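Observations on chain architecture
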Amino acid sequence: MRIILFGPPGSGKGTQGELVEKKYGLPRISTGDLLRQAVADKTPLGLKAEAMMNGGRLVSDDIVEDLVRERTAEPDCHKGYLLDGFPRNIAQARSLEAMDPKRPEIVIEIDVGLDILVKRLESRRICVGCGAVYNNKLQPSKNEERCDSCGSPLHQRKDDQPEVIRERMRVYREQTEKLREYYLAKKVYTRVDGTGTVEEVFSRISRYLDRELVQAGSIKGLP
Ligand code: AMP
């Protein structure tokens, strides 16, 4: 099984993806995380991707497709995987099918209104040590500057600045949103309300996944 989580920046794909990974035991592949790691490690790929990411634009299809092809070929992905942030356009969706054509798909769009998204992104802070995500306004750490679990400093992603957020939203509307029609036509698409608490959104997602995965025979029924 291949689960694809998509939704605009700030919709909670990363947070929900981690919960799905934990509950269903499918490895989460986040192209954003893979690219940020490559940038931090200053690999040739990271150096190529950095300017595009900082400007809120999409990194070239070839680069992300290679990352996904390599990662999904690893043994832990054999029984299935969860994609977070890939595909971002129709060309990537087609290329995903070509690289792993027989795998059944479940596509979930996390739907959140623009006003909430901007608020979430502008005040998002990430721990430089363990990657925990906070929000200065909605879910602050106890000590504003440091992570509750590991004590490392918190930082703001470069692409969470207001003008870059606008560009990311524009790219989403122009390219990524087209995936809705594409996956609707394949009859593998569902939309989940992404407003409310993390737990509320996850219970909507897992209700849907429990049903779909049992039907697909991927899990035998859950407690
Ligand atoms: P994310 O963490 O998913 O918000 O991704 C952060 C940034 O990484 C995006 O704004 C893009 O610049 C880049 N990126 C992540 N996934 C992709 C993708 N599938 N295709 C192209 N660029 C991507």
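Residues numbered from 1 in each chain as written. Predicted model: local features only at pLDDT ≥ 70, side-chain atom pairs only at ≥ 80, totals over all residues. Heavy atoms only, no water.

1. With respect to unusual backbone geometry
The test is simple: Counting from the N terminus, the helices are the DSSP runs of H or I reaching at least four residues and the strands are the DSSP runs of E reaching at least two. Relative accessibility under 20% of the residue-type maximum defines a buried residue, over 50% an exposed one, and the middle range a partly exposed one, all with a 1.4 Å probe and only protein chains included.
The omega angle of the peptide bond from Phe86 to Pro87 is -5 degrees, so this bond is cis rather than trans. One can find Pro87 in the loop between strand E3 (81-84) and helix H5 (90-99). In this model, Lys187 sits at a positive phi of 60 degrees, which is unusual for a non-glycine residue. By the element assignment, Lys187 lies in the loop between helix H8 (179-185) and strand E8 (189-193). The exposure class assigned to Lys187 is exposed, which follows from its relative accessible area of 74%.

2. Some points on the packing of aromatic side chains
The relation between two aromatic rings is expressed through the spacing of the ring centres and the mutual angle of the planes. The criterion, for reference: In summary, the pairing rule links any two rings of Phe, Tyr or Trp, Trp by its six-membered ring, whose centres are within 6.5 Å, and it sorts them by plane angle into stacked for under 30 degrees, edge-to-face for over 60 and tilted for everything else.
Using the criterion set out here, one finds two aromatic pairs in the structure. Aromatic pair Phe6 and Tyr189: ring centres 6.4 Å apart, planes at 50 degrees, arrangement tilted. Of this pair, Phe6 sits in strand E1 (residues 2-6) while Tyr189 sits in strand E8, placing them 183 residues apart in sequence. Overall, the relative accessible area of 2% leaves Phe6 in the buried class. Assessed through its relative accessible area of 16%, Tyr189 is described here as buried. Ring plane angle 80 degrees and centroid distance 5.2 Å describe the contact between Tyr182 and Tyr183, whose orientation is recorded as edge-to-face. With respect to class, Tyr182 is no different from Tyr183; both count as buried.

3. Here we look at the site of the ligand
Inclusion rule: What makes a residue near a molecule or strand is one non-hydrogen atom of that residue sitting within 4 Å of it. A 3.5 Å cut-off defines polar contacts: any pair of N or O atoms within that distance qualifies, except that in protein one atom must be a possible hydrogen donor and the other a possible acceptor, and neighbouring residues in sequence count only when both atoms are side-chain atoms. Accessible surface is estimated by sampling points in the Shrake-Rupley manner with a 1.4 Å probe; for residues, cover comes only from the protein chains shown.
The immediate surroundings of the ligand are formed by 16 residues, with Thr31, Arg36, Arg57, Gly85 and Gln92 found nearest. The contact in question runs from an oxygen atom of the ligand to an N or O atom on the side chain of Arg36, over 2.9 Å. Arg157 is positioned with one of its side-chain polar atoms (N or O) 3.3 Å from an oxygen atom of the ligand. Coverage of the ligand by the protein chains reaches 96% of its 480 Å² of free accessible surface. Sorting elements by how many residues they give to the shell around the ligand places helix H2 (residues 31-40) first, with four residues.

4. A short note on the pattern of salt bridges
Applied cut-off: When a carboxyl oxygen of Asp or Glu lies within 4 Å of a side-chain nitrogen of Lys or Arg, that pair is called a salt bridge.
Under the defined criterion, the tally for this structure stands at 23 salt bridges. The partner of Arg28 in a salt bridge is Asp84, with the nearest N and O atoms 2.6 Å apart. Residue Arg28 is located in strand E2 (residues 28-30), and its partner Asp84 is located in strand E3; the two are separated by 56 residues in the primary sequence. Residue Arg28 shares its accessibility class with Asp84, and that shared class is buried. For Lys186, the salt bridge goes to Glu105, with nearest N and O atoms at 2.7 Å. Residue Lys186 is located in the loop between H8 and E8, and its partner Glu105 is located in strand E4 (residues 105-111); the two are separated by 81 residues in the primary sequence. Overall, the relative accessible area of 34% leaves Lys186 in the partly exposed class. Residues joined by salt bridges that share partners form a network here, namely Arg2, Glu97, Asp100, Arg103, Glu105 and Lys186.

5. Remarks on the pairing of strand E5 (residues 124-127)
Applied cut-off: Between any two strands, pairing holds if DSSP finds at least two bridges.
Side chains Arg124 and Ile126 of E5 all project onto a buried face; the interleaved residues Arg125 and Cys127 project onto the opposite face, where all are buried too. Sheet topology note: the E5/strand E6 (residues 133-135) ladder contains three bridges and is antiparallel. Its bridge partner being in E6, Ile126 is matched across the sheet by Val133. Taking the residues that link successive antiparallel strands as the turn, the E5-E6 hairpin has five residues, and the phi of Gly131 there is positive, at about 85 degrees. As defined by bridge partners, E5 adjoins strand E7 (residues 154-155) across two bridges and the pair is classed as antiparallel.

6. Notes on the sheet that holds E1
Which entries qualify depends on this criterion: Convention adopted: a line fitted to C-alpha atoms gives each axis, helices being fitted over their contacting stretch, and angles between N-to-C directions are expressed from 0 to 180 degrees. Working rule for contacts: check all heavy atoms of both residues, and any pair within 4.5 Å makes them a contact.
Read from one edge of the open sheet, five strands run E2-E3-E1-E4-E8, paired in parallel fashion. Strand pairing shows two members of the sheet lacking a second neighbour, E2 and E8, which therefore form its edges. Adjacent strand axes in the sheet meet at a mean angle of 25 degrees, parallel and antiparallel pairs treated alike. For E1 and E4, the ladder comprises five bridges, and the chain directions are parallel. Paired with Arg2 across the bridge in E4 is Glu105. The strands touched by H5 are E1, E3 and E4; relative to E1, the strand with the most contacts, the crossing angle is about 170 degrees.

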